[in-house]
Amino acid sequence: MAEPLYRVTLRMAIQPGMEKEFEEAWLAGAARIADNPGNTGQELSRGEGDGAYHIVSDWVSKEAFLAYERSTGHQEHRRSLAPYRSAGEMTTMRMLYRLAGKGGAE
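What counts, and at which threshold
- Residues numbered from 1 in each chain as written.
- Predicted model: local features only at pLDDT ≥ 70, side-chain atom pairs only at ≥ 80, totals over all residues.
- Heavy atoms only, no water.
- Helix = DSSP H or I, 4+ residues; strand = E, 2+ residues; numbered from the N terminus.
- Buried < 20%, exposed > 50% of the residue type's maximum accessible area, 1.4 Å probe, protein only.
- Contact = heavy atoms within 4.5 Å.
- Areas by Shrake-Rupley, 256 points an atom, 1.4 Å probe, with all protein chains shown as cover.
- Polar contact = N/O pair within 3.5 Å; in protein donor to acceptor, adjacent residues only side chain to side chain.
- Pairing = 2+ DSSP bridges.
- Axes fitted to C-alpha atoms, helices over the stretch in contact; angles between N-to-C directions.

Requested: an account of the overall build of the chain, with residues and values cited.
Counting secondary structure elements, the chain contains 3 helices and 4 strands. Its helices and strands taken in sequence order, the chain reads β-α-β-β-α-α-β from the N to the C terminus. Over its C-alpha atoms, taken along the principal directions, the chain stretches across nearly 45 × 35 × 25 Å. Taking all 106 residues of the chain together, 28% fall into the buried category. Considering only intrachain contacts with a sequence separation of at least 6, the fraction spanning at least 24 residues in the chain is 70%. Working note: accessible area of the chain is about 7,200 Å², and carbon and sulfur atoms make up 53% of it.

As structure tokens, then:
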């Protein structure tokens, strides 16, 4: 049986008025992360209530994520987002099940 995906979620509060710049910086960094063979995908969403951003990043393993987190690429990406961030918190988990719904069928 294959190892379950390793999921990292980040909740980030952004300085008011800097949302567009943050999204552009995130997209630029996310494109580089997508080139990492350990990354299986990413998502950026924005909460309806408080306007905080939620980043979901999936990895083939915890080790793949930790290797990326120690890389200079990760440090550069963090620095590029720092001017926009006012608060944040990270959660890590292993995906146990993923069921596709009918709305996702093509």
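Talk me through the side chain of N39; I want residue IDs and the actual numbers.
Structurally, N39 can be placed in strand β2 (residues 39-46). The buried category is assigned to N39, whose relative accessible area is 10%. Looking at N39, its side chain comes within polar contact range of the main-chain nitrogen of G41, at 3.2 Å. Those residues in contact with N39 that lie beyond four places of it in its chain are I33, A34, S57, D58 and W59.

Lay out the sheet that holds strand β3 (residues 53-59) in plain terms, naming residues and giving numbers.
Pairing within the open sheet is antiparallel, and its 4 strands lie in the order β2-β3-β1-β4. This sheet does not close on itself; its edge strands, each paired only once, are β2 and β4 (85-94). Ignoring which end each strand starts from, the neighbouring axes of this sheet average 15° apart. Where strand β1 (residues 6-14) and β3 come together, 7 bridges link them in antiparallel fashion. By the bridge assignment, T9 is partnered in β3 with V56.

Read these as spatial facts, not as claims about activity.
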